[in-house]
Amino acid sequence: MNGYLIALVVLSAWIFAVYVLNRRKWFEMHGMSLMGPMVMWKTRRGRDLIDRVATRKRLWSFYGTASLWICAGAMVTIMVLLLWEATIVSQVEEAPSPELILGIPGINPVIPLWYGILGLVVAIVVHELSHGIMTRLGEMKVLSLGILFFVFPVGAFVEPDEGQLQGTTRRKRARVFAAGPASTLILAMVVLGLFSGVMMSSVEPAHEGALATGVVEGSPAYHSDIPQTSVLVSVGGYEVSSAEDVDALSGIDPGTNVTVEYYFAGELTVAEGVAYGLVVSYTVEGYAARDGGLAAGMVIASLDGTVIRNMDDLRDAMDLTSAHDTVEVSVLSYNATSGTFAVDPDITSVQLSDKYDFYEQYYPDENDESFIGDGYLGAGFLPLGLNLRDADHYSSLLAHPFEGDDSIDEVSTSWLRLIALPFLELAPLRSPVTDLYEPAGAMAWMPDSAFWILTNSLYWIFWLNLMIGLTNVLPAVPLDGGYLFRDAFDYLVSKVRPKHTKEQREKVVGSITLGFALMVLFLILWQLVGPAVMN
């Protein structure tokens, strides 16, 4: 059944049930009330717990001050990110769907329902309890606690005495607003530590070999149905224990049909008759390979008289060439009729490009004057058409996401990769990726299924707490960041314009706050409409 139809059926059933129960005064009898289709359950239970926790005033006072700095840093970070995204919107071919903007499990297609509900509930509870603790620390009343239901729990709240909150000092009020998003961000970092440092650091490859993280369409591996996320164990009778073993193969001529043994989804499988060779993975417009007729999926057999069995052979052959040389080349392309790779008679030579020109256009930071005059094809090459890594690639990537990062750009890239795991189909972790690894060390006692459920739960608690925390610090009322921003500007206006009356100050602050809120809204909507407008 279509996902939208399921959502419509569930939503209709919920609204009908709410209508019937409300007519029978069921909500009223159980201390509940309605906010449109949402059910609000209020209780005074839990206030004593908040009071007890808030008695450690020195600790929470420090925490409140730290929360202000955390929110300030997060507010700057998320605003810079939104502004940066606005500048690159013309490069986006397809705008994200509205469902992707909404972080609601079951509606957002990348957030799994049950992991999403778990992460959302944890985030909301931590967020609201933090507000409650800071409210009591500021000697303000907590009137009630509660949960909002819309099919499932979608929110929790701590209801302070609004009059006391507005009448207290800016500092106390700011601590109340800052504690919620700061707590979710801190929790996100703690849980990330558990996910990476405990869970993913405790796994080991189920089988040694070379992990295929990508398959070039039209390549020998593609036509032999060797899937992505498979682990190559042997190629042409040569054992493989790492990606380097495949790269170093030198005893097999290009085009030779070989047997490839690989591990996939927990089973060893054999592919017969796989055409061996170095495969073109991509070509760049305006450069030698594409101009000469080479295309992704072809096998390069020789270049200027040198047989190409691996990347070392190709590098050695290219080292003997110069830019603009016309060199002989032999390639194998797939023949759909025979189902084999054969020499392509239409491609016999290419005129090489200048390596310096290529790097100047695409990799200027890596360019070097020594490249001037060097021959260059302007293409990528992979053995068998497989992007190969060591078998522990995914586990190492997730266990040490910032390993080797030496600059802000590298750390930023690692952060974006970590957050983008759901879009890379690596969150939640599931078969065939989970088949690659098994719990070891301190976690060896745990059954595989329980291990991966816990690991995925930690990731989604991290992910949703991070997203909720960053969203809540946006300088737009009614978000916590909006109230913090408003109070901060109120303080600045009171210092810059000390003679302003309260009404005058509120008018200025209100206008500035509204302006920033509209800017935030525009930046978010621009991600949806910008690609269509700019392209």
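Provided above is the structure to which this section pertains.
All values derive from a computational prediction rather than experimental measurement.

Undergrad: Before we move on, can you summarise the nonpolar core with the specific residues and values?
TA: By size, the foremost hydrophobic cluster in this structure holds 71 residues, and its most contacted members are Met200, Tyr459 and Phe462. Ranked by residue count, the leading element in this core is helix H8 (residues 170-199), at twelve residues. Aside from chain neighbours lying at most four places away, what touches phenylalanine 462 is Ala188, Met189, Val191, Leu192, Trp415 and Leu418. Counting 21 residues, the second-largest nonpolar core is a separate cluster that includes Leu303, Val331, Ile347 and Phe381.

Undergrad: If you had to explain empty space enclosed by the protein to someone new, which residues and values would you point to?
TA: One way to see where empty space is left: roll a probe the size of a water molecule over the atoms. According to the stated counting rule, one finds one cavity of 30 Å³ or more in the structure shown. Considering only enclosed or pocket space, the largest cavity measures out at about 40 Å³ in volume. Around the largest cavity sit Val246, Asp247, Tyr276, Leu278, Arg309, Asn310, Met311 and Pro383, which together line it. Tallied by class, residues from the lining of the largest cavity come to five nonpolar, one polar and two charged.

Undergrad: Which residues make up the pattern of salt bridges, and what values go with them?
TA: Summed over the entire model, instances satisfying the criterion amount to seven salt bridges. Between arginine 315 and aspartate 312 there is a salt bridge, with the nearest N and O atoms lying 3.0 Å from each other. Placement of both arginine 315 and aspartate 312 in helix H12 (residues 311-319) is noted, with a separation of three residues, approximately one turn of the helix. Exposure remark for arginine 315: the relative accessible area of 44% places this residue in the partly exposed category. A relative accessible area of 44% means that aspartate 312 is categorised as partly exposed.

Undergrad: Describe unusual backbone geometry, naming the residues involved and giving the relevant values.
TA: A cis amide bond links alanine 427 with the next residue in sequence, proline 428, at an omega value of 0°. Mapped onto the elements of the fold, proline 428 is located in the loop between helix H15 (408-419) and strand E21 (437-439). The omega torsion of the bond from valine 477 to proline 478 falls at 20°, within 30 degrees of zero and hence cis. A positive phi angle, close to 75°, is found at threonine 229, a residue other than glycine.

Undergrad: How would you summarise the pairing of strand E10 (residues 267-275) if you had to cite specific residues and measurements?
TA: Of the pairings in the sheet, the one linking strand E9 (residues 257-264) to E10 comprises seven bridges and is antiparallel in character. Looking at the pairing, phenylalanine 264 lines up with glutamate 267 of E10. Where E9 folds back on E10, the antiparallel hairpin that results is connected by two residues, among which alanine 265 adopts a positive phi of roughly 50°.

Undergrad: Would you mind going over the environment of phenylalanine 402 in detail, with residue names and values included?
TA: Of note, phenylalanine 402 is situated in the loop between helix H14 (393-399) and H15. You can call phenylalanine 402 partly exposed: its relative accessible area is 28%. Between the C-alpha atom of phenylalanine 402 and that of aspartate 448, which follows or precedes it by 46 residues, the distance is 26 Å. With residues up to four places along the chain from it excluded, the contact list for phenylalanine 402 reads Val411, Ser414, Trp415 and Leu418.

Undergrad: So what about the packing of aromatic side chains? Which residues, and what values?
TA: Enumeration over the complete set of coordinates arrives at 23 aromatic pairs. Ring geometry for tyrosine 359 and tyrosine 363: centres 5.6 Å apart, planes at 50°, overall tilted. A relative accessible area of 37% places tyrosine 363 in the partly exposed class. When the ring of phenylalanine 489 is compared with that of phenylalanine 516, the centres are 6.4 Å apart and the planes differ by 45°; the resulting orientation is tilted. In this pair, phenylalanine 489 sits in helix H17 (residues 480-496) while phenylalanine 516 sits in helix H18 (residues 502-534), placing the two residues 27 residues apart along the sequence. Look at phenylalanine 489 and you get partly exposed, because its relative accessible area is 24%. Residue phenylalanine 516 is classed as partly exposed on the basis of its relative accessible area of 29%.

Undergrad: So what about the packing of H15 against helix H16 (residues 448-472)? Which residues, and what values?
TA: Look at H15 against H16: their axes get within 11 Å of each other, and the N-to-C directions meet at 115°. Taken together, the axes of H15 and H16 lie roughly perpendicular to each other. Facing H15, whose interface residues are Trp415, Leu418 and Ile419, H16 presents Tyr459, Phe462, Trp463, Leu466 and Met467. Per-class residue counts for the contact of H15 with H16 are eight nonpolar, no polar and no charged.

Undergrad: Hey, could you go over a negative patch on the surface for me, with residue numbers and the actual values?
TA: Together, Glu244, Asp247, Asp390 and Asp392 line one region of the surface with negative charge. Mapped onto the elements, glutamate 244 comes out in helix H10 (residues 243-247). Residue glutamate 244 is classed as exposed on the basis of its relative accessible area, which comes to 58%.

Undergrad: I'd like a description of helix H4 (residues 57-87), backed by residues and values.
TA: Here H4 is 31 residues long and its end C-alpha atoms lie 45 Å apart, about the 45 Å a rise of 1.5 Å per residue gives. Within H4 the residues assigned to the buried category are Trp60, Tyr63, Gly64, Ser67, Cys71, Ala74, Met75, Ile78, Met79 and Leu82.

Undergrad: Describe a nonpolar patch on the surface, with residues and values.
TA: A surface patch of nonpolar side chains, about 270 Å² in accessible area, is lined by Ile186, Val190, Leu194 and Val198. Among the secondary structure elements, isoleucine 186 is positioned in helix H8.

Cut-off values and rules
- Residues numbered from 1 in each chain as written.
- Predicted model: local features only at pLDDT ≥ 70, side-chain atom pairs only at ≥ 80, totals over all residues.
- Heavy atoms only, no water.
- Core = buried A, V, L, I, M, F, W, Y, C linked by side-chain atoms within 4.5 Å.
- Buried < 20%, exposed > 50% of the residue type's maximum accessible area, 1.4 Å probe, protein only.
- Helix = DSSP H or I, 4+ residues; strand = E, 2+ residues; numbered from the N terminus.
- Contact = heavy atoms within 4.5 Å.
- 1 Å grid on protein atoms, 1.4 Å probe; cavity = no way out; pocket = protein on both sides within 12 Å on 5 of 7 lines; lining within 4 Å.
- Points joined across faces, edges and corners; volume = space filled by probe spheres on them.
- Nonpolar A, V, L, I, M, F, W, Y, C, P; charged D, E, K, R; others polar.
- Salt bridge = Lys/Arg side-chain N within 4 Å of Asp/Glu carboxyl O.
- Pairing = 2+ DSSP bridges.
- Phe/Tyr/Trp six-rings, centres within 6.5 Å; stacked < 30°, edge-to-face > 60°.
- Axes fitted to C-alpha atoms, helices over the stretch in contact; angles between N-to-C directions.
- Parallel < 35°, antiparallel > 145°, perpendicular 65-115°, else oblique.
- Patch = residues over 30% accessible without salt bridge, like charges linked within 9 Å, V, L, I, M, F, W, Y side chains within 5 Å.
- Areas by Shrake-Rupley, 256 points an atom, 1.4 Å probe, with all protein chains shown as cover.
- Lys, Arg positive; Asp, Glu negative; His and termini not counted.
- Charge placed at Lys NZ, Arg CZ, Asp CG, Glu CD.
- Expected span 1.5 Å × (residues − 1).

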